[in-house]
Amino acid sequence: MCGIEESSIYICVKYVSFRSYSKYVVEVFSEEEKRAYRAKHWPDDVGQAYSLAREIALKERI
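Right, let's walk through the structure included here.

Calculation criteria
Residues numbered from 1 in each chain as written. Predicted model: local features only at pLDDT ≥ 70, side-chain atom pairs only at ≥ 80, totals over all residues. Heavy atoms only, no water. Helix = DSSP H or I, 4+ residues; strand = E, 2+ residues; numbered from the N terminus. Salt bridge = Lys/Arg side-chain N within 4 Å of Asp/Glu carboxyl O. Buried < 20%, exposed > 50% of the residue type's maximum accessible area, 1.4 Å probe, protein only.

Quick look at the environment of Lys-34 now. Tracing the sequence through the fold places Lys-34 in helix α1 (residues 31-61). C-alpha of Lys-34 to C-alpha of Tyr-15: the two residues are 19 residues apart in sequence and 5.4 Å apart in space.

Structure (C-alpha coordinates):
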(Lines give C-alpha, C1' and ligand atoms only; values in the text may rest on other atoms or scores of the structure.)
Protein backbone atom coordinates (compact mmCIF):
# COMPACT_ATOMS: atom_id res chain seq x y z
CA MET A 1 0.00 0.00 0.00
CA CYS A 2 1.05 3.54 -0.57
CA GLY A 3 -0.64 5.08 2.48
CA ILE A 4 -3.88 5.97 0.73
CA GLU A 5 -6.95 4.25 2.13
CA GLU A 6 -10.47 4.11 0.83
CA SER A 7 -12.87 6.23 2.87
CA SER A 8 -16.63 6.38 3.17
CA ILE A 9 -19.18 8.71 4.68
CA TYR A 10 -22.32 7.42 6.36
CA ILE A 11 -25.08 9.90 7.13
CA CYS A 12 -27.82 9.07 9.63
CA VAL A 13 -30.21 11.95 10.27
CA LYS A 14 -33.76 10.64 10.01
CA TYR A 15 -34.44 9.80 13.65
CA VAL A 16 -35.51 11.72 16.72
CA SER A 17 -32.78 14.18 17.62
CA PHE A 18 -33.76 15.22 21.14
CA ARG A 19 -35.38 13.54 24.13
CA SER A 20 -37.63 16.55 24.63
CA TYR A 21 -38.44 18.84 21.74
CA SER A 22 -40.01 21.33 24.16
CA LYS A 23 -36.49 22.53 25.08
CA TYR A 24 -35.50 23.47 21.51
CA VAL A 25 -36.74 25.52 18.57
CA VAL A 26 -36.35 23.43 15.41
CA GLU A 27 -37.81 24.90 12.26
CA VAL A 28 -36.23 22.49 9.75
CA PHE A 29 -38.28 19.41 10.73
CA SER A 30 -40.97 18.42 13.16
CA GLU A 31 -40.97 15.87 15.93
CA GLU A 32 -44.04 14.23 14.38
CA GLU A 33 -42.25 13.72 11.04
CA LYS A 34 -39.25 12.13 12.74
CA ARG A 35 -41.42 9.82 14.86
CA ALA A 36 -43.53 8.78 11.84
CA TYR A 37 -40.40 8.01 9.81
CA ARG A 38 -38.99 5.89 12.62
CA ALA A 39 -42.23 3.96 13.07
CA LYS A 40 -42.26 3.09 9.37
CA HIS A 41 -38.55 2.42 8.68
CA TRP A 42 -36.98 1.28 11.97
CA PRO A 43 -36.86 -2.51 11.31
CA ASP A 44 -35.23 -2.10 7.89
CA ASP A 45 -32.80 0.56 9.10
CA VAL A 46 -31.69 -1.58 12.06
CA GLY A 47 -30.88 -4.42 9.68
CA GLN A 48 -28.92 -2.09 7.40
CA ALA A 49 -27.04 -0.63 10.38
CA TYR A 50 -26.09 -4.12 11.56
CA SER A 51 -24.83 -5.04 8.08
CA LEU A 52 -22.84 -1.80 7.85
CA ALA A 53 -21.27 -2.30 11.29
CA ARG A 54 -20.34 -5.86 10.40
CA GLU A 55 -18.78 -4.73 7.12
CA ILE A 56 -16.72 -2.04 8.89
CA ALA A 57 -15.60 -4.49 11.59
CA LEU A 58 -14.50 -7.04 9.00
CA LYS A 59 -12.54 -4.40 7.06
CA GLU A 60 -10.72 -3.39 10.26
CA ARG A 61 -9.54 -6.97 10.79
CA ILE A 62 -7.71 -7.05 7.46
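All told, the structure shown has two salt bridges when counted by the stated rule. Between Arg-35 and Glu-31 there is a salt bridge, with its nearest N and O atoms 2.9 Å apart. Here Arg-35 pairs with Glu-31, and both are found in helix α1, just four residues apart, close to one helical turn. One salt bridge connects Lys-59 with Glu-55, and the closest N-O pair in it is separated by 3.5 Å. Separated by four residues within a single helix, Lys-59 and Glu-55 lie in helix α1, roughly one turn from each other. Relative accessible area serves as the criterion here: at 45%, Lys-59 is assigned to the partly exposed category.

Moving on, we come to the environment of Arg-38. Take Arg-38: it is sitting in helix α1. The class of Arg-38 is partly exposed, set by a relative accessible area of 37%. The spatial distance from the C-alpha of Arg-38 to the C-alpha of Lys-14 is 7.5 Å, given a sequence separation of 24 residues.

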